[in-house]
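# Chain and residue survey
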2 protein chains.
Amino acid sequence: MSKGPKQAIYSEFATVARALGSQHRLEMLEHLAQGERGVEALATRVGLSVANTSQHLQHLRRAGLVASRRDGKFVLYRLADIGVLGLMASLSAVAARNLAEVERIRLAYFADRDGMEPVSREELLQRTRDGLVTVLDVRPADEFAAGHVPGAVNIPLGELEARLAGLDPDREVVAYCRGPWCVLSFEAVAALRARGYTARRLEDGLPEWQAAGLPLERGTFEGGR
Amino acid sequence: MSKGPKQAIYSEFATVARALGSQHRLEMLEHLAQGERGVEALATRVGLSVANTSQHLQHLRRAGLVASRRDGKFVLYRLADIGVLGLMASLSAVAARNLAEVERIRLAYFADRDGMEPVSREELLQRTRDGLVTVLDVRPADEFAAGHVPGAVNIPLGELEARLAGLDPDREVVAYCRGPWCVLSFEAVAALRARGYTARRLEDGLPEWQAAGLPLERGTFEGGR
DNA sequence: CAGACATTCAACATATCACTTGAATGATGT
DNA sequence: ACATCATTCAAGTGATATGTTGAATGTCTG
């Protein structure tokens, strides 16, 4: 089929790239970056049928992007390699820099981006050391339990309005979620600002925090439910 | 079509990834990393028809991976962004780490890889400063003319046997070509070793050298044809 | 302006991909 | 062993991608 080793190698690379070439699979990778997930749990989160999700996962596995293990009757998938996060970061960087459409969507959705300047990881570390900010994790409770920024408070976005009492209005809030393109923290910041809070986003999500070698805190699964 | 901004953004990212998801387009990007090229010149190099090449290029352009400009009756394409090289590097890193097939091809083709340990850029810089090595650029003369490692000698692979006289047998030769997956330098090293030379490959090719911010030398188009 | 030439477009055949549905597999627990 | 449940497989349909061919576009040259 292919003439030389170069063709064969590039053909393999193309397989990996094709596996990334689907909106749904990219979204699945974002979720898997939060931690292991079973097929059905993933299917629910990305809004696809179980069978379809399973096939996408196998596509990703053939491309070497995810790995799986069996645990009882569940098959748990995870990113095959921390490098997959870096690959997605490169992909988004190139797309954001060269596709006008990406910038257009950002502006259209996040109208008041002037005040949205994200907080860098270094800045957040500095300010938590100084005790100046409340770190807010707006992901679902199970993702929080699997690992979060040390000292962070978990209020899933859907419960934010109901649990505002847990947030000191006099402290700046820095919210984060799954990654640089996850909308949860954007919406949390918008909601908090509407209530008079001083709030900003962390530049990336938890997976990037972890990939940067910064410490995680686990457990502390307060909420039940 | 897509529900939220996240879906829309990921859909754009997927477009970029799909553009990378073709053996031929990846090969075209490797060539464009050497410098601007017209459609027909590229078509010849990758072995595709002109019309087909043109369509692939437009696919790449829509994905923001290449840009073009008109020069007389030629349309010259180039990488849109130096980040595209980084994206390809991430892609190949993930593929090499997670796909057994990639390693298999490497081993099958480059049987004696033990002695093939590549030279790093830093090591090459050090050894050229010390005057210990001949740097050999085995790419075609026009690519050499568009930019090469300072002090390098250009002997296109096809002319290597005929021009061995130009290489001092007592100096180590470090050969490089288009990139980490370009076979020219592998074959040059094998040929030189068969003739008794001490020869090794540079770990990457010229585009990576340039991307690392190292100096280039231009012109010196000695050979004519 | 006419001819030459590089590139792009349009239309087509073939192959691959995405998603659905319903059945098959494989591990668990009674 | 049997029933249960998560996951995977298989088959089918509509959509998308690839590569070919021949014509159209647009720019330079004479």
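Our structure is the block above this text.
The notes below deal with the structure included here. Starting from 1, residues in each chain are numbered consecutively following that chain's sequence as written. To label them, take the chains in the order written and letter them from A, then take the ligands in the order written and number them from 1. Restriction of local features to residues with pLDDT of at least 70 applies here, the model being predicted, together with a cutoff of 80 or more for giving and counting side-chain atom pairs; totals for whole chains, interfaces and linings are based on all residues. As a convention, hydrogens and water are excluded, and side-chain values are obtained from all of the structure's heavy atoms.

### Concerning the sheet that holds strand β6 (residues 172-176) of chain A
All names here are of chain A. Reading across from one edge, β5-β4-β6-β7 is the order of the four strands in this open sheet, with parallel pairing throughout. A strand with exactly one partner marks an edge of an open sheet, and here the two such strands are β5 (153-154) and β7 (199-201). Two elements, strand β4 (residues 133-137) and β6, share five bridges in a ladder whose sense is parallel. Considered in β6, the bridge of Val 135 is made with Val 174. Where helix α7 (residues 121-129) meets the sheet, its contacts fall on β4, β6 and β7, and the angle it forms with β4 comes to roughly 125 degrees. Here a residue-residue contact requires only that any non-hydrogen atoms of the pair lie within 4.5 Å. Axis definition: a line fit to C-alpha positions, over the contact stretch in the case of helices; interaxial angles, taken between N-to-C directions, run 0 to 180 degrees. Every helix listed is a DSSP run of H or I at least four residues long, and every strand listed is a run of E at least two residues long, numbered separately from the N terminus. On the sheet, helix α9 (residues 184-194) packs against β4, β6 and β7 and is oriented at approximately 170 degrees with respect to β7. At least two DSSP bridges between two strands are needed for those strands to be called paired.

### Let's talk about the protein's contact with DNA strand D
Think of it this way: one heavy atom of a residue within 4 Å of a molecule or strand is enough to make that residue near it. The immediate surroundings of DNA strand D are formed by 23 residues, with A:Glu40, A:Ser54, A:Gln58, A:Tyr77 and B:His56 found nearest. Here, DNA strand D places atoms within 4 Å of the protein, and 80% of those atoms are sugar or phosphate. Pairs of N or O atoms within 3.5 Å make up the polar contacts considered here, provided that, within protein, one atom can donate a hydrogen while the other can accept it, and that residues adjacent in sequence are counted only when both atoms are side-chain atoms. Between DNA strand D and A:Gln55 there is a distance of 3.4 Å, counted from a base nitrogen to a side-chain nitrogen or oxygen. Here a phosphate oxygen of DNA strand D sits 2.3 Å away from a polar atom, N or O, in the side chain of A:Gln58. Among the elements of the structure, α3 (39-46), α4 (50-62) and β3 (74-79) of chain A together with α2 (23-32) and α4 (50-62) of chain B are those that each provide at least two residues to the surface near DNA strand D. Residues that form the surface near DNA strand D fall into these classes: seven nonpolar, eleven polar and five charged. Just so you know the grouping, Ala, Val, Leu, Ile, Met, Phe, Trp, Tyr, Cys and Pro go in nonpolar, Asp, Glu, Lys and Arg go in charged, and all remaining residues, Gly too, go in polar.

### Notes on the side chain of B:Asp137
All names here are of chain B. Relative to the elements of secondary structure, Asp 137 occurs in strand β4 (residues 133-137). Residue exposure (1.4 Å probe, protein chains only): buried if accessible area is under 20% of the type maximum, exposed if over 50%, otherwise partly exposed. Note on Asp 137: relative accessible area 0%, which makes it buried. Here Arg 139 takes part through its backbone nitrogen, which lies 2.9 Å from a polar atom of the side chain of Asp 137. The contacts of Asp 137, once residues within four sequence positions are left out, are Phe 144, His 148, Ala 152, Val 153, Asn 154, Ile 155, Pro 156 and Tyr 176.

### As for helix α1 (residues 5-20) of chain A
With 16 residues, α1(A) ought to run about 22 Å at 1.5 Å a step, and its terminal C-alpha atoms sit 23 Å apart, in line with that. Counting buried residues along α1(A), 13 of its 16 residues qualify, which places the element largely inside the surrounding structure. Helix span, as expected, comes to 1.5 Å for every residue beyond the first.

### Remarks on the layout of surface pockets
Grid points spaced at 1 Å and placed over the protein atoms alone form the basis of the search, with a cavity being a set where a 1.4 Å probe fits but cannot get out and a pocket an open set showing protein on both sides within 12 Å along at least five of seven lines. Lining residues have an atom within 4 Å of a point. Grid points are joined across faces, edges and corners, and a volume is the space filled by probe spheres set on the points. Roughly 450 Å³ of internal volume is contained in the largest pocket. Lining the largest pocket are 20 residues, and of these A:Arg106, A:Pro118, A:Pro180, A:Phe186 and A:Arg201 sit closest to its centre. Breaking the lining of the largest pocket down by element, the ones donating at least two residues are α5 (83-98) and α6 (100-109) of chain A together with α1 (5-20) of chain B. With three residues, α1(B) is the single largest residue contributor to the lining of the largest pocket.

### Let's talk about the protein's contact with DNA strand C
Around DNA strand C, the structure places 23 residues, and the nearest of them are A:His56, B:Glu40, B:Ser54, B:Gln58 and B:Tyr77. Each atom of DNA strand C within 4 Å of the protein was assigned to sugar, phosphate or base; sugar and phosphate come to 79%. Interatomic distance of 3.4 Å between a side-chain N/O atom of B:Gln55 and a base nitrogen of DNA strand C. For the surface near DNA strand C, the secondary structure elements donating two or more residues are α2 (23-32) and α4 of chain A together with α3 (39-46), α4 and β3 (74-79) of chain B.

### What about the interface of chain B and chain A?
Counting residues at the interface gives 48 residues for chain B, matched by 47 residues for chain A. The term buried area means the drop in 1.4 Å probe accessible area that two parts suffer when joined, counted for both and summed. A combined buried area of about 4,300 Å² lies between chain B and chain A, and 71% of that area is made up of carbon and sulfur atoms. Interface area lost by chain B to chain A is led by B:Lys6, B:Tyr10 and B:Phe13, which between them contribute 16%. Salt bridge, as applied in this entry: a Lys or Arg side-chain nitrogen positioned within 4 Å of an Asp or Glu carboxyl oxygen. Between chain B and chain A we count four salt bridges in total. Our count for the contact surface shared by chain B and chain A stands at 15 residue pairs in polar contact (both at pLDDT 80 or more). Listing elements by their share of the side of chain B that touches chain A, those giving two or more residues are α1, α2, α5 (83-98) and α6 (100-109) of chain B. The element best represented in the side of chain B that touches chain A is α1(B), accounting for 14 residues. Considering only residue class, the side of chain B that touches chain A consists of 25 nonpolar, 13 polar and ten charged.

Everything listed is a geometric property; what it means functionally is a separate question.
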